[in-house]
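Chain by chain, the residues run as shown.
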Amino acid sequence: MTSLTNSIGPDVPAPALSAAGGDVPDYFALLKPRVMVLVIFTALVGMVVSQGHVQPAIGAISLLAIAIGAGASGCLNMWWDADIDAVMSRTATRPIPSGRITPEEALGFGLFLSVASVLVLGLTANWLSAGLLAFTIVFYAVVYSMWLKRATAQNIVIGGAAGALPPVIGQAVVTGSVGIESLILFAIIFIWTPPHFWALALIKADEYARAGIPMMPNVAGPASTRRQIVWYSLFLAPLGLAPVALGFGGLLYAVIGVVGGLGMVAFSIRVLRNREGEAEKRAAMGMFGFSILYLFALFSALLAEQSFGLFRPVLG
């Protein structure tokens, strides 16, 4: 295990470790609340597209447990990555590198929430969903954070599986099984993840290099990364329409899927063509921002169609 007191290199400072006992907002920040919101949202969509029913109280408690499990894995990730966070501008003010919470406190907090969330989900819903949540936590905290992130440029590609699992867990809560609906949603998020993160990595390549993280632009080069963003976007556009072909995405979803898919391809081509200066930055950040809008719009359309009677079949 890499000690958090070690620096990554001669010019990289170790995170501050002297402070103890952060405030409630500091502990909440450890949970990566923005990621938790996305997890709750995608897990909820996994629930509503399932062919089944769950009592509202069980559904609400299950969503809370899934969110806490996601927060626990984020907390463990921050514990392990405190040395990296200390040298990157967007993460240097996080609770551990800034010294507001010690690594030991974060580790204990993350482990407690991990066990609690899995137990609550198992006792409330079923043990299949709890097992999937436990797998997600271990995969993100151990396989991705401790191994893939610092070992391979494919870190985001493989590690993206953890972020794609919430819809599968959501369906397991409702049906006690895993069906094609949640697997398709898993695939959409999984393929969406690389172009989303690599667009940002193109801009943050120097920081990733300084932190010793082998992101794709630092290993394969910016040109190869741009081409891969295009290829992933080209694959994602038709994949995003799979719910329509399978009958659980309706007309509203189809329209958003077509427009959004074409938008992803257009933004990826813009990234491919703009390779220098401010134009490069605008293209990459445009891709990053639009990709968030695209995924949110897709899942919102499914939620609206299945929850508010807006479903209109496209095929048959």
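Residues numbered from 1 in each chain as written. Predicted model: local features only at pLDDT ≥ 70, side-chain atom pairs only at ≥ 80, totals over all residues. Heavy atoms only, no water.

Going by an unreviewed UniProt entry, the protein carries the name Protoheme IX farnesyltransferase and comes from Methylobacterium tardum. What UniProt states about the protein under its Function (unreviewed entry) heading is, verbatim, "Converts heme B (protoheme IX) to heme O by substitution of the vinyl group on carbon 2 of heme B porphyrin ring with a hydroxyethyl farnesyl side group." (UniProt positions renumbered as here; feature names shortened; annotations may be inferred.)

Enquirer: Explain the overall build of the protein to me, and be specific about the residues and the numbers.
Expert: For the protein, the helix and strand inventory stands at 15 helices and zero strands. Along the three orthogonal principal directions, the C-alpha set of the protein runs to about 65 × 50 × 30 Å. Looking at the protein residue by residue over its 316 residues, the buried ones come to 53%. Contacts in the protein between residues far apart in sequence, at least 24 positions, make up 75% of those at least 6 positions apart. Split by element, the accessible area of the protein, about 13700 Å² in all, is 68% carbon and sulfur. Each charge class in the protein can be summarised by its mean position, and for the 17 positive and 15 negative side chains these summaries are 9 Å apart. (Helix = DSSP H or I, 4+ residues; strand = E, 2+ residues; numbered from the N terminus. Buried < 20%, exposed > 50% of the residue type's maximum accessible area, 1.4 Å probe, protein only. Contact = heavy atoms within 4.5 Å. Areas by Shrake-Rupley, 256 points an atom, 1.4 Å probe, with all protein chains shown as cover. Lys, Arg positive; Asp, Glu negative; His and termini not counted. Charge placed at Lys NZ, Arg CZ, Asp CG, Glu CD.)

Enquirer: How would you explain helix α2 (residues 33-48) if you had to name every residue and give the values?
Expert: Each full turn of the α-helix corresponds to 3.6 residues, which orients residues three or four apart in the same direction. Taking 1.5 Å per residue, 16 residues should reach 22 Å; α2 reaches 23 Å between its end C-alpha atoms and fits that length. Where α2 is concerned, the buried positions are M36, V39, F41, T42, A43, V45, G46 and M47. Residues of α2 that are buried make contact with α3 (56-80), α8 (166-175), α9 (180-203) and α15 (277-307). (Expected span 1.5 Å × (residues − 1).)

Enquirer: Explain the packing of aromatic side chains to me, and be specific about the residues and the numbers.
Expert: In this structure the tally under the stated criterion is eight aromatic pairs. Arranged with centres 5.8 Å apart and planes meeting at 10°, the rings of F186 and F190 form a pair that is stacked. Here F186 and its partner F190 are both found in helix α9, four residues apart, which amounts to about one turn of the helix. Ring centres 5.6 Å apart and planes at 80° place the aromatic pair W198 and Y232 in the edge-to-face group. Of this pair, W198 sits in helix α9 while Y232 sits in helix α12 (residues 222-239); the two residues are 34 residues apart in sequence, bridging distant segments of the chain. On the accessibility criterion, W198 (0% relative accessible area) is buried. (Phe/Tyr/Trp six-rings, centres within 6.5 Å; stacked < 30°, edge-to-face > 60°.)

Enquirer: For the environment of A72, give the residues involved together with the corresponding values.
Expert: Within the fold, A72 resides in helix α3. A relative accessible area of 0% means that A72 is categorised as buried. Separated by 44 residues in sequence, A72 and A116 have C-alpha atoms that sit 9.6 Å apart. Contacts of A72, omitting those with residues within four sequence positions, involve L31, G110, L113 and S114.

Enquirer: I'd like a rundown of the packing of α12 against helix α14 (residues 251-273), residues and numbers included.
Expert: How two helices pack is summed up by the angle between their axes together with the distance between the axes. Relative to each other, α12 and α14 sit at 170°, their axes nearing to 9 Å. Classified by the angle their axes make, α12 and α14 are roughly antiparallel. For the pair formed by α12 and α14, the contact residues are R226, R227, I229, V230, S233, L234, L236 and A237 on the first element and G261, M264, V265, S268, I269, V271 and L272 on the second. Residue classes in the contact of α12 with α14 are distributed as 10 nonpolar, three polar and two charged. (Axes fitted to C-alpha atoms, helices over the stretch in contact; angles between N-to-C directions. Parallel < 35°, antiparallel > 145°, perpendicular 65-115°, else oblique. Nonpolar A, V, L, I, M, F, W, Y, C, P; charged D, E, K, R; others polar.)

Enquirer: Quick one: what's the story with the side chain of S117, residue by residue and with numbers?
Expert: In this fold, S117 is placed in helix α5 (residues 103-124). Within the structure, the side chain of S117 is placed 2.9 Å from the backbone oxygen of S114, a separation counted as a polar contact. Sequence-distant contacts of S117, defined by excluding residues within four places in its chain, comprise A65, I68, G69, L133 and I137. (Polar contact = N/O pair within 3.5 Å; in protein donor to acceptor, adjacent residues only side chain to side chain.)

Enquirer: Requested: an account of α12, with residues and values cited.
Expert: With 18 residues, α12 should reach 26 Å at 1.5 Å per residue; the first-to-last C-alpha distance of 25 Å fits that figure. For α12, the full list of buried residues reads S224, T225, R226, Q228, I229, V230, S233, L236, A237 and L239. Residues of α12 that are buried in the fold lie against α9, α11 (216-219), α13 (242-245), α14 and α15.

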